[in-house]
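Architecture and fold: a report
Take a look at the letters that make up each chain.
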Amino acid sequence: MLIGLDRLRSEDGLVRLLGGRPFGLLSHPAAVDKGLVHVSQVLADLELTPRIIFGPEHGYGGEAQDMVGVSDARDPHTGARIVSLYGETFGELSPRASDLEGLELLVIDLADVGSRYYTFVWSALLAVRAAHAAGISVVLLDRPNPLGGTTCEGRLVEPGFASFVGLEPVPVRHGLTIGEIVSLFADRDGLPREALSVIPCIGWQREALASAWDRPYVMPSPNMPTEPRAPL
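Positions within a chain are numbered from 1, following the residues in the order the chain's sequence is written. Where totals are concerned, whole chains, interfaces and linings use all residues; where local detail is concerned, this predicted model gives features only for residues with pLDDT of at least 70, and gives and counts side-chain atom pairs only at 80 or more. With hydrogens and water excluded, all non-hydrogen atoms of the structure serve as input to the side-chain values.

The subject of this paragraph is the packing of helix 5 (residues 120-133) against helix 6 (residues 178-188). Running from amino to carboxyl end, helix 5 crosses helix 6 at an angle of 40 degrees, the nearest separation of the two axes being 9 Å. Compared by their axis directions, helix 5 and helix 6 come out oblique. For helix 5 against helix 6, the interelement crossing comes out right-handed. Only Ile178, Ile181, Val182, Phe185 and Arg188 of helix 6 make contact with helix 5, whose side of the interface consists of Phe120, Val121, Trp122, Ala124, Leu125, Val128 and Arg129. Partitioned by chemical class, the residues of the contact of helix 5 with helix 6 number 10 nonpolar, no polar and two charged. As a rule, the C-alpha atoms of each element are fitted with a line to give its axis, helices using only the stretch in contact, and angles between N-to-C directions run from 0 to 180 degrees. Secondary structure follows DSSP: runs of H or I at least 4 residues long count as helices, runs of E at least 2 residues long count as strands, and numbering of each begins at the N terminus. The labels follow the angle: roughly parallel below 35 degrees, roughly antiparallel above 145, roughly perpendicular from 65 to 115, and oblique for the rest. By the definition used in this description, the sense in which the near helix is turned from the far one sets the handedness, with an anticlockwise turn below a right angle giving left-handed and a clockwise turn giving right-handed. Residues count as neighbours in contact if any of their non-hydrogen atoms are within 4.5 Å of one another. Each residue is assigned to one of three groups, with Ala, Val, Leu, Ile, Met, Phe, Trp, Tyr, Cys and Pro labelled nonpolar, Asp, Glu, Lys and Arg labelled charged, and all others, Gly among them, labelled polar.

Now the structure itself:
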């Protein structure tokens, strides 16, 4: 199985998609390749350095608990400013226009949990909307759903009850990847195709849980320390 980040390293065409364009990065610690190399290092190995980094819930460093705000910081490796997309108001959940100024591209690599309560998918969707409003394209490096991609469970979000733990009407267990969810609502919103490029996984068996993948599991949040396993 090759995820979007694996393909970025191995396919020259994807590097050319990014090369020479000032870009930002939205990511967190679980965004690693099969060898546990973080997306930021993969980009550095390709001589690609983000001008600004955005962190979702739990922060770019991944250490903050839920409902805990994260302050902006500076990346010691690249010198890029790290901006938190987890604040006290809904407006603070999206990149500000001033943060996107001067960029031509936003790269997103986030590992999801597979439940709509986890906000990484919504951070990605809000970032795509903000980037489009600023005239910036998005490249999303997709990852498989750790709960598999064949089973959906739970009710949809009812009208009037949308929030950051259920921004759009999907089931509790949605069976989709971040790229699939973002593409679904980007299409519904009428965003042009050039606004979003999703680099999909190759070789993902949709029925497989994370415990069956041929790669190590990295917890996407402090409260998801182990991968889901099939029932005995």
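Picking up where we left off.
The next subject is the pairing of strand 5 (residues 105-109). In this scheme, a residue with accessible area under 20% of its type's maximum is buried, one over 50% is exposed, and one in between is partly exposed, where area comes from a 1.4 Å probe on protein chains only. Burial of strand 5 is extensive: five of the five residues sit out of reach of the surface. Note on pairing: DSSP must find at least two bridges between two strands before they are called paired. Across five bridges, the pairing between strand 1 (residues 23-27) and strand 5 is parallel. Bridge pairing in strand 5 links Ser27 to Asp109. In this structure, strand 5 lies alongside strand 6 (residues 137-141), joined through four bridges in parallel fashion. Across the sheet, Ile108 pairs through a bridge with Leu140, a residue of strand 6. Once the chain exits strand 5 it traverses helix 5 before rejoining the sheet at strand 6, and the crossover so formed is right-handed. Look down the strands so they point away from you; if the path from the first strand over the helix to the second goes clockwise, the crossover is right-handed.

The predictor's confidence in any single residue is recorded as pLDDT, a number from 0 to 100. Summing up the model confidence of the protein chain, the mean pLDDT is 88 and the portion of residues at 70 or higher is 92%. Taken element by element, the protein chain is modelled with least confidence in strand 3 (residues 73-74), mean pLDDT 73, and with most confidence in strand 5, mean pLDDT 97.

What follows concerns the sheet that holds strand 2 (residues 52-55). Taken in spatial order, the seven strands of this open sheet run 3-4-2-1-5-6-7, and their pairing is mixed. At either margin of the open sheet sits one strand with a lone partner, and together these are strand 3 and strand 7 (196-199). Relative to strand 4 (residues 81-84), strand 3 is paired through two bridges, and the arrangement is antiparallel. The partner of Arg74 across the bridge, within strand 4, is Arg81. Helix-sheet contacts for helix 6 involve strand 6 and strand 7, and the interaxial angle to strand 7 is about 155 degrees.

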